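Structural overview
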Amino acid sequence: MKILCVCGLGQGTSLILRMNVENVLKDMGKNADVEHMDVSSASGTPADFIITNNELAQSLQGHAAKIIIVNNYFDLEEIKSRLQEAL
């Protein structure tokens, strides 16, 4: 399973989201290849899931990946809940 964590520039926020997603997946006992990147790179990168905010999700419409919207990249409970819904 490949997951992309996406923010506007692909540096700070998406890296924090990636680390939080990896921690949540570990707690859930799930394995995944998790990467972080900017929205432009994500649009051309194959993945099973893309985790991002609502605004950037609009830019990724049409991507083959299932898009998971997270409002607070720091909220582990929200991330866990959204992942559980998607998996």
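Our structure's up above, just so we're on the same page.
What this report covers is the structure whose coordinates are included nearby. (Residues numbered from 1 in each chain as written. Predicted model: local features only at pLDDT ≥ 70, side-chain atom pairs only at ≥ 80, totals over all residues. Heavy atoms only, no water.)

Brief notes about the pattern of salt bridges
- Going through the model one piece at a time under the given rule, you end up with four salt bridges.
- Between E85 and R82 there is a salt bridge, with its nearest N and O atoms 3.9 Å apart. Here E85 pairs with R82, and both are found in helix α4 (residues 76-86), just three residues apart, close to one helical turn.
- Owing to a relative accessible area of 58%, E85 belongs among the exposed residues under this scheme. (Salt bridge = Lys/Arg side-chain N within 4 Å of Asp/Glu carboxyl O. Helix = DSSP H or I, 4+ residues; strand = E, 2+ residues; numbered from the N terminus. Buried < 20%, exposed > 50% of the residue type's maximum accessible area, 1.4 Å probe, protein only.)

Regarding the nonpolar core
- Within the largest apolar cluster, 15 residues are counted, with the highest numbers of intra-cluster contacts made by I3, L17, V21, I51, I68, I79 and L83.
- Breaking this core down by element, the ones donating at least two residues are β1 (2-7), α1 (12-28), β3 (49-52) and α4.
- Take this core: its biggest share by element is four residues, from α1.
- Once you skip the residues sitting within four places of it in the chain, V21 turns out to touch I3, C5, V34, I51, I79 and L83. (Core = buried A, V, L, I, M, F, W, Y, C linked by side-chain atoms within 4.5 Å. Contact = heavy atoms within 4.5 Å.)

Concerning the packing of α1 against α4
- α4 packs onto α1 with a crossing angle of 65 degrees between their chain directions and a minimal axis gap of 10 Å. By crossing handedness, the relation of α1 to α4 is classed as right-handed. Within the contact between the two elements, α1 uses L17, N20, V21, V24, L25 and M28 and α4 uses L76, I79, K80, L83 and Q84.
- Each residue belonging to the contact of α1 with α4 can be placed in one class, and the counts come to eight nonpolar, two polar and one charged. (Axes fitted to C-alpha atoms, helices over the stretch in contact; angles between N-to-C directions. Left-handed = near helix turned anticlockwise from the far one by under 90°. Nonpolar A, V, L, I, M, F, W, Y, C, P; charged D, E, K, R; others polar.)

A few points about the side chain of T45
- Position of T45 relative to the elements: it lies in the loop between α2 (39-43) and β3.
- Among all residues touching T45, those that are not within four sequence positions of it are K2, L4, M37 and H63.

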